[in-house]
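# Secondary and tertiary structure notes
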Amino acid sequence: MGDVLAGIHATWEFEPDSVLIRFERGIRTPKLFTALRERRIPHEALESVTLTPGKRGTVVLHAVPRPGADPLMEAAAGQLKDGCDPYRLVLPAERETLAEYYADELRALLGPDTAEPSERYVVAAPELPQSFKAYDGKASFDGRQVSFRWFWTGASSAKWKAGDQTFPLASLCGVEWRSPEVFDGYLRLLRRDADAVAPQADQDPAAVVFGLGYGPVHESLPFAAAVLQAIRGSSGAPVPVPAAVASAGRRDPADIAERIRHLGELHRAGLVTDAEFSAKKAELLAEL
């Protein structure tokens, strides 16, 4: 088709084998859209296309993804609000006829097995590396391993006892993401050798918990999607890792600074002795 349909917060470009979605940048644009920037959706990733009335004089063109085709939607597991769904294009009602035309054109390009789950991810996950701050620690993923570095002021005693965690990709079989917009949000890594019953997220060294201002959707969901795609890719072709990431041998200075700040807060509150503060600070600085 090669045509462009501009809506609110996004523009869809219809190509012979895919739809290229470019998200706008702006104060009112959902932060998830801004973080994603653009996404290419192959026709084989779609189950159906709908056009329905929206709110306040709008219509919504919705390209419904097939189960298992997109790691982002797989990780979201139906928890995204409509306004943050990257497969929905909101248009003024006066463009309904044009939107219907493109919906029909797109439907005609869908294959006969669209109702079947996809056997592989055909939509690319967000680029590496990925990281975000949770309430109790910082999560990082470089394409080879996931790391959790605990914060003094947020991590439970169980997590401090276990120490900072590093999970090689080969040890993982999935990711569980519970939206930070609901009560008790968290991101949990599913390990191949884990017990059948997982502990609560705040006690589980394989999980980080969210909270007010921590682990927002636009940071933690792309992280979960990147890990999911890498896990599935590890069973076949190797996951590409940027050269700068693969060769990095030192810790992120911003991460070290954050942990020293938390340590200082505990010291000022009298929860850490002078000797403990000096020893731990020196240990952290040695990691730079």
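The structure displayed is predicted, hence computed values, not measured ones.

## Side note on the nonpolar core
Leu61, Phe148, Leu187, Leu189, Leu221 and Val227 are the most contacted members of the largest nonpolar core, which totals 64 residues. Counting residues per element, this core draws most heavily on helix α5 (residues 217–233), at 10 residues. Setting aside residues no more than four positions away along its own chain, leucine 221 makes contact with Leu32, Leu72, Ala75, Ala76, Leu80, Trp177 and Pro216.

## Observations regarding the pattern of salt bridges
A side chain of one charge can pair with a side chain of the opposite charge when the charged atoms of the two come close. Inspection of the entire model under this criterion finds 12 salt bridges. Between arginine 22 and glutamate 38 there is a salt bridge, and its shortest N-O distance comes to 3.5 Å. One end of the pair, arginine 22, is in strand β3 (residues 18–23); the other, glutamate 38, is in strand β4 (residues 38–42), with 16 residues separating them in the sequence. The class for arginine 22 is partly exposed, based on a relative accessible area of 39%. Linking arginine 39 and aspartate 70 is a salt bridge whose minimum nitrogen-to-oxygen distance equals 2.6 Å.

## What about the environment of aspartate 202?
Summarising the element assignment, aspartate 202 is placed in the loop between β13 (186–191) and β14 (207–209). Separated by 47 residues in sequence, aspartate 202 and alanine 155 place their C-alpha atoms 7.5 Å apart. Residues in contact with aspartate 202, not counting those within four places in the same chain, are Ser156, Lys159 and Val209.

## Let's talk about the sheet that holds strand β2 (residues 10–14)
Strand order in this open sheet of 4 strands is β1-β2-β3-β4, and the pairing throughout is antiparallel. The sheet terminates laterally at β1 (4–6) and β4, the two strands that pair on one side only. Adjacent strand axes in the sheet meet at a mean angle of 15 degrees, parallel and antiparallel pairs treated alike. Pairing of β1 with β2, which is carried by 3 bridges, proceeds in the antiparallel orientation. For valine 4, the partnering residue across the bridge sits in β2 and is glutamate 13. Here helix α3 (residues 96–107) sits on the sheet in contact with β1, β2 and β3, set at roughly 135 degrees to β1.

## Some points on the packing of aromatic side chains
Within this structure, the stated rule accounts for 11 aromatic pairs. Taken together, a centroid distance of 6.4 Å and an interplanar angle of 65 degrees make the contact between tryptophan 12 and phenylalanine 14 edge-to-face. Of the two residues, tryptophan 12 and phenylalanine 14, both sit in the buried class. The interplanar angle of 65 degrees and the centroid separation of 6.4 Å between the aromatic rings of phenylalanine 141 and phenylalanine 223 together place this pair among those described as edge-to-face. Here phenylalanine 223 lies in helix α5 and phenylalanine 141 lies in strand β9 (residues 137–141), a separation of 82 residues in the sequence. Judged on exposure class, the residue phenylalanine 141 and its partner phenylalanine 223 are both buried. One cation-aromatic arrangement involves arginine 232 over tyrosine 121; the distance from NZ or CZ to the ring centre is 3.8 Å.

## Topic: the pairing of β3
Of all 6 residues in β3, 5 are buried; the element is thus mostly enclosed. Pairing between β2 and β3: 5 bridges, direction antiparallel. Bridge pairing in β3 places glutamate 13 opposite leucine 20. In sequence, β2 turns back onto β3 through a hairpin of 3 residues.

## Structural notes on the pairing of strand β6 (residues 58–65)
Consecutive side chains along a regular strand alternate between the two faces of the sheet. β6 sits mainly inside the fold: 7 of its 8 residues count as buried. Both strand β5 (residues 46–53) and β6 contribute to a ladder of 7 bridges, which runs antiparallel. Paired with valine 49 across the two strands is alanine 63, which belongs to β6. In textbook terms, the turn of a hairpin is the stretch between consecutive antiparallel strands, and for β5 and β6 this stretch comprises 4 residues, one of which, arginine 56, has a positive phi near 50 degrees.

## Let's talk about the sheet that holds β5
Within the open sheet, the 3 strands sit side by side as β5-β6-β7. Their pairing is antiparallel. At either end of the open sheet lies a strand with only one pairing partner, and these are β5 and β7 (88–92). Each neighbouring strand pair of the sheet contributes to a mean axis angle of 15 degrees, computed without reference to strand direction. Packed on one face of the sheet, α3 meets β5, β6 and β7 and runs near 165 degrees to β5.

The rules behind each value
Residues numbered from 1 in each chain as written. Predicted model: local features only at pLDDT ≥ 70, side-chain atom pairs only at ≥ 80, totals over all residues. Heavy atoms only, no water. Core = buried A, V, L, I, M, F, W, Y, C linked by side-chain atoms within 4.5 Å. Buried < 20%, exposed > 50% of the residue type's maximum accessible area, 1.4 Å probe, protein only. Helix = DSSP H or I, 4+ residues; strand = E, 2+ residues; numbered from the N terminus. Contact = heavy atoms within 4.5 Å. Salt bridge = Lys/Arg side-chain N within 4 Å of Asp/Glu carboxyl O. Pairing = 2+ DSSP bridges. Axes fitted to C-alpha atoms, helices over the stretch in contact; angles between N-to-C directions. Phe/Tyr/Trp six-rings, centres within 6.5 Å; stacked < 30°, edge-to-face > 60°. Lys NZ or Arg CZ within 6 Å of the ring centre and 35° of its normal.

Functional significance is not addressed by these values, which are geometric in nature.
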